[in-house]
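Here's the letter readout for the chains.
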Amino acid sequence: MHILLTRPAGRNRSLAARLEAMGQQVSCCPMMEIVAEPEPCPSPLAGVDAAFFVSANAVDYAARLLPSWPPIRYLAVGGATARALQAHGVSPLTAPPDNETTEGVWSLPQMADVAQQRFVIVRGNGGRETMAERLTAAGASVQYWSVYRRQIPKINGSDQVQSWQRDGVNAILATSVEILHNLFQVVPEPQRPWLQRQLLLVPVERVAAAARKLGCQHICVTQGAGDDAIIESIANWKNR
């Protein structure tokens, strides 16, 4: 198997090394660029009860703006985000390993009663509204703190697809709906049938549903966006 990794730059190295150790071929072509928010608001964390970090990028860019990490409750969407927080001396509550999603965080016992609590959702520009909607419905107050921006990279899609074809790429990892859409936007329409025929590795059913709408024919749901879940799914797929 020759797997194309499309996470943002800096997020593929560890997974690539593990895949290569398994005997897989790996190529990397980020389908999302992460840049600092040009005019971020001052940190609101000191005045709230809890902060929900949607990604390791949210942790990294927030850390650049925080003079210190206040003693509040921290929530991490998954293992990579949790490890990023731990690197700053913070011990977060984390979604279960088999459900590294907003829904996984919401399922934690500590989220059963959040009425009157004040939450900050630390994220990039835009994104899912699910956590904010659930918190608000449960009687919590919510504000966003946008610390970075996501943008589509500038890539010559036609040349890139030809390179993937020459190299024998036959599986593609897309860990979010936005990355998936960026991939299809980068690839010119005449070359999309090739893209639709490749094995697509996605973390959850929500991304799989988006992939089916785009015409993808072979989809593997890895049951998580973390490296361990992806590695296990690839090993199981090989042994089918």
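It should be noted that the structure appears before, not after, this text.
As a starting point, this report considers the structure included with it. Owing to the predicted nature of the structure, the values given are computational and were not obtained by experimental measurement. For every chain, the first residue of its written sequence is number 1, and the numbers climb from 1 along that sequence. In view of the model being predicted, local features appear only for residues whose pLDDT reaches at least 70, and side-chain atom pairs are presented and counted only at 80 or more, with totals across whole chains, interfaces and linings using the full set of residues. Computation of side-chain values covers all heavy atoms of the structure but excludes hydrogens and water.

1. Examining the overall build of the protein chain
- Helix and strand definitions follow DSSP, with helices as H or I runs of at least four residues and strands as E runs of at least two, each counted in order from the N terminus. What the protein chain contains, in helices and strands, is ten helices and eleven strands.
- Atoms counted for the radius of gyration: C-alpha only. Globule rule: 2.2 Å times the number of residues to the power 0.38. Taken against the 2.2 N^0.38 rule, which gives 18 Å for 240 residues, the C-alpha radius of gyration of the protein chain at 19 Å falls within 12% of a compact globule.
- Along the first, second and third principal axes, the C-alpha atoms of the protein chain reach 55 × 40 × 35 Å.
- For the protein chain, the proportion of its 240 residues judged to be buried stands at 49%.
- Once local pairs closer than 6 in sequence are excluded, the contacts in the protein chain between residues at least 24 apart make up 61%.
- Note on areas: Shrake-Rupley, 1.4 Å probe, and residue coverage restricted to the protein chains presented here. Carbon together with sulfur atoms contributes 48% to the accessible area of the protein chain, which is approximately 11,400 Å² in total.
- In the protein chain, the 22 positive side-chain charges and the 20 negative ones have mean positions that sit 2 Å from each other. Accessibility here uses a 1.4 Å probe with only protein chains present; expressed as a share of the type maximum, an area under 20% marks a residue as buried, one over 50% as exposed, and anything in between as partly exposed. In this analysis, two residues are considered to be in contact whenever any of their non-hydrogen atoms come within 4.5 Å of each other. His is not counted, nor are the chain ends; Lys and Arg add positive charge and Asp and Glu add negative charge. Taken as the charge location is NZ of Lys, CZ of Arg, CG of Asp or CD of Glu.

2. Regarding the side chain of Asn 182
- Secondary-structure assignment places Asn 182 in helix H7 (residues 177–186).
- Exposure remark for Asn 182: the relative accessible area of 8% places this residue in the buried category.
- Contact partners of Asn 182, with chain neighbours within four places excluded, come to Met 31, Met 32 and Ile 152.

3. Points about the nonpolar core
- Judged by nonpolar contacts, the single largest core of 49 residues is most densely connected at Leu 45, Phe 53, Val 122 and Trp 164.
- Looking at which element gives the most residues to this core, the answer is H7, with six residues.
- Trp 164 has contacts with Leu 4, Cys 29, Met 31, Val 169, Leu 183, Val 187 and Trp 194, leaving out every residue within four places of it along the chain.
- Side-chain atoms within 4.5 Å link the members of a nonpolar core, which is a set of buried Ala, Val, Leu, Ile, Met, Phe, Trp, Tyr and Cys residues. Of all hydrophobic cores here, the second largest spans 15 residues; its members include Ala 95, Val 105, Met 111 and Val 114.

4. Quick word on the state of the cysteines
- A pair of cysteine sulfur atoms is labelled a disulfide when the two atoms are within 2.5 Å. All chains considered together, the criterion is met by zero disulfides.
- With no disulfide partner, Cys 216 has as its closest neighbouring cysteine sulfur the one in Cys 220, 13 Å distant.

5. Structural notes on the sheet that holds strand E7 (residues 118–124)
- When DSSP finds two or more bridges between a pair of strands, those strands are recorded as paired. Ordered in space as E3-E8-E7-E4-E5-E6, the six strands form an open sheet in which the pairing is mixed. At either end of the open sheet lies a strand with only one pairing partner, and these are strand E3 (33–36) and strand E6 (93–94).
- Note that strand E4 (residues 50–53) and strand E5 (residues 73–76) share four bridges and pair parallel. Bridge pairing in E5 places Phe 53 opposite Ala 76.

6. Let's talk about the pairing of strand E1 (residues 2–5)
- Burial along E1 is two-sided: His 2 and Leu 4 facing one way and Ile 3 and Leu 5 facing the other are all buried.
- As paired elements, E1 and strand E2 (residues 25–28) share four bridges and run parallel to each other. Bridge assignment links Ile 3 to a residue of E2, and that residue is Val 26.
- The handedness rule is simple: strands pointing away from the viewer, and a clockwise path from the first strand over the helix to the second, make the crossover right-handed. Following the backbone out of E1, through helix H1 (residues 13–21) and into the adjacent parallel E2, one traces a crossover that is right-handed.
- Of the strand pairs in this sheet, E1 and strand E9 (residues 171–173) are connected by three bridges, and their pairing is parallel. Counterpart to Ile 3 in the pairing with E9 is Ala 171.

7. Regarding the sheet that holds E9
- Taken in spatial order, the five strands of this open sheet run E2-E1-E9-E10-E11, and their pairing is parallel. Two strands close off the open sheet at either side, each with one partner strand: E2 and strand E11 (218–221). Neighbour-to-neighbour, the strand axes of this sheet turn through a mean angle of 25°, independent of strand direction.
- Here the axes come from fitting lines to C-alpha atoms, over the contacting stretch only for helices, and the angles between their N-to-C directions go from 0 to 180 degrees. Running at roughly 170° to E11, helix H9 (residues 205–213) makes contact with strand E10 (199–202) and E11 of the sheet.

8. Regarding the pattern of salt bridges
- Here a salt bridge means any side-chain nitrogen of Lys or Arg lying within 4 Å of a carboxyl oxygen belonging to Asp or Glu. Enumeration according to the criterion identifies eight salt bridges in this entry.
- With its nearest N and O atoms 3.3 Å apart, the salt bridge here joins Arg 118 to Asp 49. Linking Arg 118 in strand E7 with Asp 49 in the loop between E3 and E4, this pair joins segments that are 69 residues apart in sequence.
- The exposure class assigned to Asp 49 is partly exposed, which follows from its relative accessible area of 26%.

9. Some words on the packing of helix H2 (residues 56–63) against helix H3 (residues 79–86)
- Axis separation between H2 and H3 bottoms out at 8 Å; the angle between their running directions is 20°. On the basis of their axis angle, the class for H2 and H3 is roughly parallel. Contacts between H2 and H3 pair Ala 56, Val 59 and Asp 60 from the former with Ala 80, Thr 81, Ala 84 and Leu 85 from the latter.
- Its residues assigned to classes, the contact of H2 with H3 comprises five nonpolar, one polar and one charged. Angle categories: roughly parallel below 35 degrees, roughly antiparallel above 145, roughly perpendicular from 65 to 115, and oblique for all the rest. Amino acid classes used here: Ala, Val, Leu, Ile, Met, Phe, Trp, Tyr, Cys and Pro are nonpolar; Asp, Glu, Lys and Arg are charged; the rest, including Gly, are polar.

10. Quick look at unusual backbone geometry
- Phi is positive for Gln 116, which is not a glycine, with a value near 70°.
- Among the residues examined, Gln 116 registers a relative accessible area of 69% and is labelled exposed.
- With phi around 60°, Gln 223 is a residue other than glycine that occupies positive phi space.
- Its place among the elements puts Gln 223 in the loop between E11 and helix H10 (227–238).

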